[in-house]
Amino acid sequence: MLDSDEIILANEETGDYETDSPLLGKYVELFLNNAQIANAQNDKRILFYRGQSDKMYSLTPSVFRNGLLSNEHLLIQDLLLNSPDEFSSIESNVECLIKMQHYGLPTRLFDVTTNPLIALFFACNDKSDKDGEVIVFYDYMQHPNTIDVKCLAALAEYSGSSERQLLSFLTDRGLTNLELGNLTKLTHIPIEAPQNNERIRRQHGAFLLVGIHDNEDGNTYQKASFDLRPYLVKDFGDDISRSIIVPKEEKKHLLEELNVFGINHSFLFPELEHQAIYIRNKYERS
């Protein structure tokens, strides 16, 4: 959440805000209701969120789109060959994927946030003619160094299609004594994001690391694209709302209210090119 100094600065930058009917409180109430239910469970699961500007969007990481999955290993190899110095000091496969995604390479990482207001911003920030959605997750967050996370991250460079090939691939990377049956059943793992860049810190970022899953022929050892929505957006019987729809008519209003608290494009994307876009859009709208 934003601290008091950031909120004061946001108000100074945006000036007076006028509205006939504040909307943000309605969504805060929904988020707090979910939090109260989660807190009562008394376990280590946490709530985290993803905002999507069109409620009809699937839940698929970028490398699952546009036919890229079959070349996932080549995407990574080419980037490592072209920019070796950028990754020479990084030992973790997960951190490599995070950095690659940060600079626009499609990966099997799926951005989420632990701050529901950040997710609400992303649900409103595009597609003004479509209803948005805040998707709510409630799960255990794993550290990037756990064995399952290491395996799924390594599989980004895997291109085989058999049990022998998968076992050989993992063994070559020092990942041994594994239950392949359990590994291939993992649809995703929520992982903590290393707080090593300002964008992740400001967005309260975390990730879903997506697994390989079965392909259409039922081959559990070959990569296949799939939609996480059926696994994550459903009634789990715990009274936590997994999907909060944001009507298109409310998007502009909510963005104005979030801006009062400093949650805007400029704050969430601190890089210079994004600052320039924010300033340009600010004056184009006026």
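Heads up: the structure comes first, above all this text.
Attention here is on the structure that accompanies the text. (Residues numbered from 1 in each chain as written. Predicted model: local features only at pLDDT ≥ 70, side-chain atom pairs only at ≥ 80, totals over all residues. Heavy atoms only, no water.)

Here we come to the overall build of the chain. Looking only at helices and strands, the chain has 14 helices and six strands in total. Residues counted as buried form 45% of the 286 residues belonging to the chain. Long-range pairs, those at least 24 residues apart, make up 77% of the contacts in the chain with a sequence separation of at least 6. For the chain, the exposed area adds up to about 15,400 Å²; of that, 48% sits on carbon and sulfur atoms. (Helix = DSSP H or I, 4+ residues; strand = E, 2+ residues; numbered from the N terminus. Buried < 20%, exposed > 50% of the residue type's maximum accessible area, 1.4 Å probe, protein only. Contact = heavy atoms within 4.5 Å. Areas by Shrake-Rupley, 256 points an atom, 1.4 Å probe, with all protein chains shown as cover.)

Tallied over the entire structure, the rule returns seven aromatic pairs. Taking 6.2 Å as the distance between ring centres and 85 degrees as the angle between the ring planes, the aromatic pair formed by F226 and Y231 counts as edge-to-face. Members of the aromatic cluster, each reached through a chain of ring pairs, are F64, F226 and Y231. The ring of F110 has R50 lying over it, and the distance from NZ or CZ to the ring centre is 3.9 Å. Directly above the ring of F87 sits K99, whose terminal nitrogen or CZ lies 5.5 Å from the centroid. (Phe/Tyr/Trp six-rings, centres within 6.5 Å; stacked < 30°, edge-to-face > 60°. Lys NZ or Arg CZ within 6 Å of the ring centre and 35° of its normal.)

Attention now goes to the nonpolar core. If you look at the biggest cluster of nonpolar residues, it comprises 31 residues, and the most contacted ones within it are L97, L155, L170, I191 and L209. Contributions of two or more residues to this core are made by α5 (93–102), α7 (147–154), α8 (163–172), α9 (180–185), β4 (188–192) and β5 (205–210). Every residue in contact with L170, bar those within four places of it in the chain, is listed here: L155, L175, L178, L180 and L183. One finds L23, V246, L268 and F269 within the second-largest nonpolar core, a separate group that totals 27 residues. (Core = buried A, V, L, I, M, F, W, Y, C linked by side-chain atoms within 4.5 Å.)

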